[in-house]
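Overview (structure and organization)
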Amino acid sequence: MSSSPRPRRSAGILLAVAALLCGLLTTAATASAPAASAATAVPPTPTGLPSGVEELASYVGANSCDASTKPGSAALGALLVKTYPGTSYGSARACASDSLATSEHYDGRAVDWMANSRNATQKAQANAAVAWMLAKDKAGNPYAMARRLGVMYLIWNNRSWSAYRPAEGWKEYNGCLAASKASSTYDTTCHRNHVHISLSWAGAMKRSSYWSKKVAAPEYGPCRTWMTNWASPSTTANHTRCQSLAPVQALPTATTLGKRLVSISGMYVKQGSTGPAVTSVQSAIGASATGSFTSSTTSALVAWQKRNSVPATGVTDARTWRALIRAHAAQPIALGLDSTIDSDLLSLNDGRLTLSDSASDPYGRVLATNWSGVNGLVAPGDFNGDAYPDLISRTAAGVLRLHRGTGNATFAPPAAWGPGWNVYSSLFSPGDFNGDGRADVIGVRPDGAMYLYKGNGKGGFSGTSLVGTGWNSYDLVLSPGDFTGDGRADLVVHRPDDTLWLYKGNGKGGWVGTRTQLTSGLPALTSIVAAGDLNGDQRSDLLGLTTGGRWLAWYGTGTGALTSGTGRQVSGSDWSSAGLVVGVR
């Protein structure tokens, strides 16, 4: 048995620890199994097992929370209790119910089998059970039952064992062999009063060979989607490793409730659920914040979902979470291409792509010099679900390409969607325009037809639809994102008579009511861009470039209007040679 070096102790304590360790479990590679008796019986080996056996489980941490005990977890707990009468087990834990950032208890993949190391009988039972899991089978397969059950790691009596690091054997857990943690006060923390068993998804779903009699392929569980920190629950086997996504963060100005909602976004709560996540949801929808999801909470959530144009499911699915975030925390921080929260400007001239942090910086930072074949840029924000802003370009040949952002102002090699995009005189992204939580792209043709390309959140499109005609009466169409403060993306248009108008989005891929005029008497402008928040008030603003190469700023009120006295110059430098410019909000 290998273990981590122990801290120095006095001779008396060392003798006590040595006596304690005599009963600790060991792998079959280094010790023989305990003698069979009433105290050291082991669970049965099923008949009909396949000759093959699963690989040792890799580590797949919890990234979903539905607080329901999975069938394999329940079966393992029941097996241990039946083998060792008088013991008990627990599994699923209410979402966000403790100080742990994540736990397999949250998705029902962990079993806490209540066996106490201070009780000689239960200690012997626990040692026998874990030794059985880690023993070789008759075919010589090490850790045979752990592999067939899908054991990912074990924690018992001050030590832990990991299937994904088997060569390390049993290691001290959380400093629990220290004299300062020898008292019963630390028995739960140090797992002296229970055995913790975390399972793979195959094991937790009862698809591993101990139960199914078929060798299970590795599973990776449900994957997070865009704009949530937790994945929606799923019982379908997923054999593809999930993409590693950066955590979603709330805006710095979000309320305490808004920040809490962002941190737990995606946690699946429904009627019967309890705990802090339920309390937060109840507070967000205006229900009584009891922490218990009753039928009245279901009714309140259904009503809230209807008011906010999301499917009235009565549960906190992904679309509901995105709507909750929009309602209480604005949108999560949309980091600029260089991972700052400053609004960026991208300019393209003579094949040179330049990033500027503000309108007062025309020279910026050169990102690339080989973009001479590009005649269009679209800044959709995060388009592929990895929490980094991306960029879309259109080549002179009409090919649309996705440049996946890395967060440090560089891009992965582009992925092309194909030719034919030159039919659009204007391409831009409003962010999420149809309320599914995924960034979209809009194209306007010279004949005035406007088409919505629905993003799938994975770097592609899920469909397209005609959303309007007659848009060729405007010489410029753009989207500032949410300009009215209702959480829905809007459109702004410029008419040839130098007036600016607002079309309020309905969050379903269309508009609410008729257009409203924002301002008139604009000076001659060569372009207008949506540049995010320019003055730090967390509201969307607009920039217009004059024929003299100076930027003017129009600040939004957050309610669908412009503040008085805006339209003032914010750049003293000449941007007339900047070429094509887009805002990255």
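Structure first, text after, so check above.
Overview of the structure.

Describing the pattern of salt bridges
Scanning the model with the defined rule gives 11 salt bridges in all. Of the charged contacts, one joins R207 and E219 as a salt bridge, the two residues approaching to 2.9 Å between their closest N and O atoms. Here the residue R207 occupies a position in the loop between α5 (201–204) and α6 (209–212), and E219 occupies one in the loop between α6 and α7 (256–264), the gap between them amounting to 12 residues. Overall, E219 belongs to the buried group, its relative accessible area being 8%. Three or more residues joined by partner-sharing salt bridges are found here, namely R118, D187 and R192.

A few points about helix α9 (residues 295–307)
In a regular helix each residue adds 1.5 Å, so 13 residues correspond to 18 Å; α9 covers 19 Å between its end C-alpha atoms and thus fits that length. All of the buried residues in α9 are T297, T298, L301, W304 and Q305. Within α9, the buried residues cover an arc of 130 degrees as seen down the axis, which keeps them to one side. Exposed residues pointing more than 90 degrees away from the buried face of α9 are listed as S296, K306 and R307. S309 sits one or two positions beyond α9 and adopts a positive phi of about 60 degrees.

Observations concerning the state of the cysteines
On inspection of all chains with the given rule, the structure shows 3 disulfides. One disulfide bridge connects C223 with C242, the sulfur atoms lying 2.0 Å from each other. Across the disulfide from C223 to C242, rotation about the S-S bond amounts to roughly -80 degrees, and the bridge is consequently left-handed. Here C242 lies in the loop between α6 and α7 and C223 lies in the loop between α6 and α7, a separation of 19 residues in the sequence.

Overview of the sheet that holds strand β6 (residues 195–199)
As summarised here, the arrangement of the 6 strands in space is β1-β2-β6-β3-β4-β5, forming an open sheet in which the pairing is antiparallel. Whereas interior strands pair on both sides, the edge strands pair on one side only; in this sheet they are β1 (88–90) and β5 (171–172). Bridging between strand β3 (residues 151–156) and β6 involves 4 bridges; their strand directions are antiparallel. Paired with Y153 across the two strands is S198, which belongs to β6. In the packing of helix α2 (residues 71–83) onto the sheet, the strands contacted are β1, β2 (110–114) and β6, and the crossing angle to β1 comes to about 165 degrees. Lying over the sheet, helix α3 (residues 120–134) contacts β2, β3, β4 (159–162) and β6, oriented at roughly 155 degrees with respect to β3.

Points about the packing of helix α8 (residues 276–285) against α9
Two numbers describe how α8 lies on α9: the axes approach to 10 Å, and their chain directions differ by 50 degrees. Overall, the two elements α8 and α9 adopt an arrangement that is oblique. Handedness of the crossing formed by α8 with α9: left-handed. Within the contact between the two elements, α8 uses Q282, A284 and I285 and α9 uses T297, A300, L301, W304 and R307. Tallied by class, residues from the contact of α8 with α9 come to 5 nonpolar, 2 polar and 1 charged.

The rules behind the values
Residues numbered from 1 in each chain as written. Predicted model: local features only at pLDDT ≥ 70, side-chain atom pairs only at ≥ 80, totals over all residues. Heavy atoms only, no water. Salt bridge = Lys/Arg side-chain N within 4 Å of Asp/Glu carboxyl O. Helix = DSSP H or I, 4+ residues; strand = E, 2+ residues; numbered from the N terminus. Buried < 20%, exposed > 50% of the residue type's maximum accessible area, 1.4 Å probe, protein only. Expected span 1.5 Å × (residues − 1). Arc of directions from axis to C-beta. Disulfide = S-S within 2.5 Å. Pairing = 2+ DSSP bridges. Contact = heavy atoms within 4.5 Å. Axes fitted to C-alpha atoms, helices over the stretch in contact; angles between N-to-C directions. Parallel < 35°, antiparallel > 145°, perpendicular 65-115°, else oblique. Left-handed = near helix turned anticlockwise from the far one by under 90°. Nonpolar A, V, L, I, M, F, W, Y, C, P; charged D, E, K, R; others polar.

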